[in-house]
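Analysis of the macromolecular model
As a plain string of letters, each chain reads:
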Amino acid sequence: MKHKQFCFIVILSIPLLLALACGEGMDSKTVKPTPIKTITTQKDGAVMVFVPTGDFLMGTSDADIELYTEIFPLRDISRFDNERPQRTVYLDAFYIDQFEVTNKQFKQFLTKTGYIPEKYLDYPPHNADNLPAVVLEWEDAVAYAHWAGKRLPTEAEWEKAARGTDGRIWPWGNEWDATKLSGNDGTGLIDGYELTAPIGQFPQGVSPYGVYDMAGNLWEWVSDWYDPDYYDYAPNVNPKGPETGDGHVLKGGGWAENLDFTRCANRFGGNPGSLIIGFRCAMDAPAED
Amino acid sequence: MRNVVIFATLITLLTLSSSQVFAAGEVVIYTGTTQWIDKAPADEQANICVEMLDAAGIKNTLLTSDGDMDALATWMENATGDDGLDICVLYGDIPPTLYPQGNAQPDGSVAEMYIETTDGDAILNHADYMFWGLGNRNAEGGLQNMMDIPGIVMWDDNTPMIVTDKGKEIAPSLPEIQSDRPFHIDQLDGDWEVEVSLAQNEAGTRADPIIVRDGELGRLIPVIQTANGNEPKGAVAAEIIIWLMANATSVEPEGKLSTTWGNLKTVR
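Residues numbered from 1 in each chain as written. Chains lettered and ligands numbered in written order. Predicted model: local features only at pLDDT ≥ 70, side-chain atom pairs only at ≥ 80, totals over all residues.

Within chain A, the regular secondary structure consists of five helices and 10 strands. When the 289 residues of chain A are sorted by exposure, 52% land in the buried category. Of all intrachain contacts in chain A linking residues separated by at least 6 positions in sequence, the fraction that spans at least 24 positions is 75%. (Helix = DSSP H or I, 4+ residues; strand = E, 2+ residues; numbered from the N terminus. Buried ≥ 20, exposed ≤ 12 C-beta atoms within 10 Å, placed from the backbone. Contact = placed C-beta atoms within 7 Å.)

Have a look at this one:
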């Protein structure tokens, strides 16, 4: 079986992560605490978090839009059209990297395979070992995932891992908190980091499944092609994106972003422009999980 | 006594005019490559700008194809040092013919030479990060090299911009926006200074739109740098250009002096 190539280090019911997932910052729309199981993949040494099978709320609801008109009064409401309608989506269980892929991991991939990336920022200050790898081409992220025996998450998997089942706005809940992510303004005055932060520095901003940095730090590639109208016709069971599209979907926002772009439902496609991008990997959960 | 004051005023104006007065120049608008705005809305906004400039009698050229990159560079080279205040409008991308990609020519590019004469020439940019370049050609280095300010960046998205009194006067079409790539006033250095801030955050550290100028040399004008926004970029750009052409230039130094003299005589 595919998963046998991994050395599974299963850690059940990590109390700390549960406390983080259910603690301060969450509001009434809170996911019921879920036992968290992790594994470590052999090739890249990445810790992966288990996300159980089941439904979750994907996209942006009418109620969210009303709220957004208050939070983002200067934004044209059409900005959120590509996130609508909100729908209940069923996903099979999967694993997702707990952290964004780091420079140390990405360089290990380059060294071992001789792969030459198209756009990887391998220069200071972006390339320190414990910083997330800035990988600006989707194909380079896919190549890494294949090497590691994994794949990029689908947009739906990414969003469920980020916001849990209850449709919350940010990974920690529905209240904006600038101290819970690497983001904001690029000054470092609020979050302590002028640019990207080393992975895992914001446990207070962890997702309901214990996944770090799902808001801020780097935008993240997912496997789906981007179609702004995809939610109008997407399947409600294990959606994998349109057949083709205008580039690939980006999620999560980066270190230079706040509020709007770091919402779990936010999706950016087409020409990413000056967005700073990284990624994390996912894999199917074996049936016995 | 009054005549003495008027004479002194004229001498002062004459002195100023000898070093600071420019001829009204031309405008070029390029939509051949765009970033953070699709080509169709960029063309739409560019045409709005063109109509307003035409109505104001300002000579302009619209280049809408990526095959126009060389023509754009030729325009810019011809506009450099021609004693006219010329303005180049970009929609989120700076073509490599103006600034070689990958920051391959950090100094002396066509674009940098253009803004380094006393013509006061300007580059006005919409949508994405100024000089970033399609496909991350230049990233942060583009702006830093063009301004010769190491470390200056244009991060800080979703920054609410409050229109200043001057902004209301210059650009009536300017709405309050959330800028995604505002200019960092607090990172200005060297001879660069704020000429006019049309909208800025409460702290006065971020601005969009803004006109910044390198002493007596050229200008950079970020205007509504937002991701996929549908703000009236074309109208606001036109209003800023019309204001700049009218207020930062004079058709002929002599003409300005005679007008001034005429006004003064009227006051008498």
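Each helix and strand in chain B was counted, giving eight helices and 13 strands. For chain B, the proportion of its 268 residues judged to be buried stands at 49%. Contacts in chain B between residues far apart in sequence, at least 24 positions, make up 73% of those at least 6 positions apart.

With that settled, consider the sheet that holds strand 7 (residues 219-225) of chain A. Strand pairing in a sheet is mediated by backbone hydrogen bonds. Such pairs are either parallel or antiparallel. Residue and element names in this part refer to chain A. In spatial order, the strands read 8-7-9; together these three strands make up an open sheet with mixed pairing. Edge positions in the open sheet fall to strand 8 (248-251) and strand 9 (277-278), since each of these has one partner strand only. As defined by bridge partners, strand 7 adjoins strand 8 across three bridges and the pair is classed as antiparallel. Directly across from Trp-221, in strand 8, lies its bridge partner Leu-250. (Pairing = 2+ DSSP bridges.)

We now examine the nonpolar core. Counting residues in hydrophobic clusters, the biggest one holds 139 residues, and the most contacted among them are Ile-277 of chain A together with Val-89, Ala-111 and Ile-241 of chain B. No other element matches the seven residues that helix 7 (residues 233-247) of chain B contributes to this core. Each residue touching Val-89 of chain B, except ones within four places of it in the same chain, is listed here: Val-27, Val-28, Ile-29, Tyr-30, Cys-49, Leu-124 and Ala-237 of chain B. (Core = buried A, V, L, I, M, F, W, Y, C linked by C-beta atoms within 7 Å.)

Time to look at the interface of chain B and chain A. Contacts between the two partners involve 20 residues from chain B and, on the opposite side, 17 residues from chain A. Grouping the amino acids of the side of chain B that touches chain A by side-chain chemistry returns eight nonpolar, seven polar and five charged. (Nonpolar A, V, L, I, M, F, W, Y, C, P; charged D, E, K, R; others polar.)

Another point: helix 4 (residues 138-147) of chain A. Residue and element names in this part refer to chain A. For helix 4, the complete set of buried residues consists of Trp-138, Asp-140, Ala-141, Tyr-144 and Ala-145. Viewed along the axis of helix 4, the buried residues span an arc of 165°, placing them on a single side of the element. Elements that come into contact with the buried residues of helix 4 comprise helix 3 (103-113), strand 7 and strand 8. (Arc of directions from axis to C-beta.)

All names here are of chain B. Among the secondary structure elements, Gly-57 is positioned in the loop between helix 2 (39-55) and strand 2 (60-63). With 9 C-beta atoms counted inside 10 Å, the residue Gly-57 sits in the exposed group. For the pair Gly-57 and Asp-148, spaced 91 residues apart in the sequence, the C-alpha separation amounts to 34 Å.

Here the amide bond leading from Arg-84 of chain A into Pro-85 of chain A is cis, since omega sits at 0°, within 30 degrees of zero. On the secondary structure map, Pro-85 of chain A appears in the loop between helix 2 (62-71) and strand 5 (87-91). The omega torsion of the bond from Pro-124 of chain A to Pro-125 of chain A falls at 5°, within 30 degrees of zero and hence cis. Inspection of the secondary structure puts Pro-125 of chain A in the loop between helix 3 and helix 4. One non-glycine residue, Asp-213 of chain A, lies in positive phi territory at about 60°. Relative to the helices and strands, Asp-213 of chain A is located in the loop between helix 5 (155-163) and strand 7. Look at Asp-156 of chain B: it is not a glycine, yet its phi comes out positive at around 95°. The residue Asp-156 of chain B is located in the loop between helix 5 (140-147) and strand 5 (159-160) in this model. C-beta crowding within 10 Å serves as the criterion here: with 22 such atoms nearby, Asp-156 of chain B is assigned to the buried category.

With that settled, the discussion passes to the packing of helix 2 of chain B against helix 7 of chain B. All names here are of chain B. Where helix 2 meets helix 7, the axes come as close as 7 Å, and the angle between the chain directions of the two elements is 35°. Considering the relative orientation of helix 2 and helix 7, their crossing is right-handed. Packed against helix 2, whose contacting residues are Gln-45, Ala-46, Ile-48, Cys-49, Met-52 and Leu-53, the element helix 7 presents Lys-233, Gly-234, Ala-235, Ala-237, Ala-238 and Ile-241 at the interface. For the contact of helix 2 with helix 7, a count of residues per class yields nine nonpolar, two polar and one charged. (Axes fitted to C-alpha atoms, helices over the stretch in contact; angles between N-to-C directions. Left-handed = near helix turned anticlockwise from the far one by under 90°.)

Let us now look at the confidence of the model for chain B. Residue and element names in this part refer to chain B. Overall, the prediction assigns chain B a mean pLDDT of 87, with 84% of residues at 70 or greater. For the stretch residues 1-21, pLDDT sits under 50, and the model shows 12 contacts to residues farther than four places along the chain or on other chains. This stretch, residues 250-268, has a pLDDT under 50; its non-local contacts, to residues over four places away or in other chains, come to 16 contacts. (pLDDT = per-residue confidence, 0-100.)

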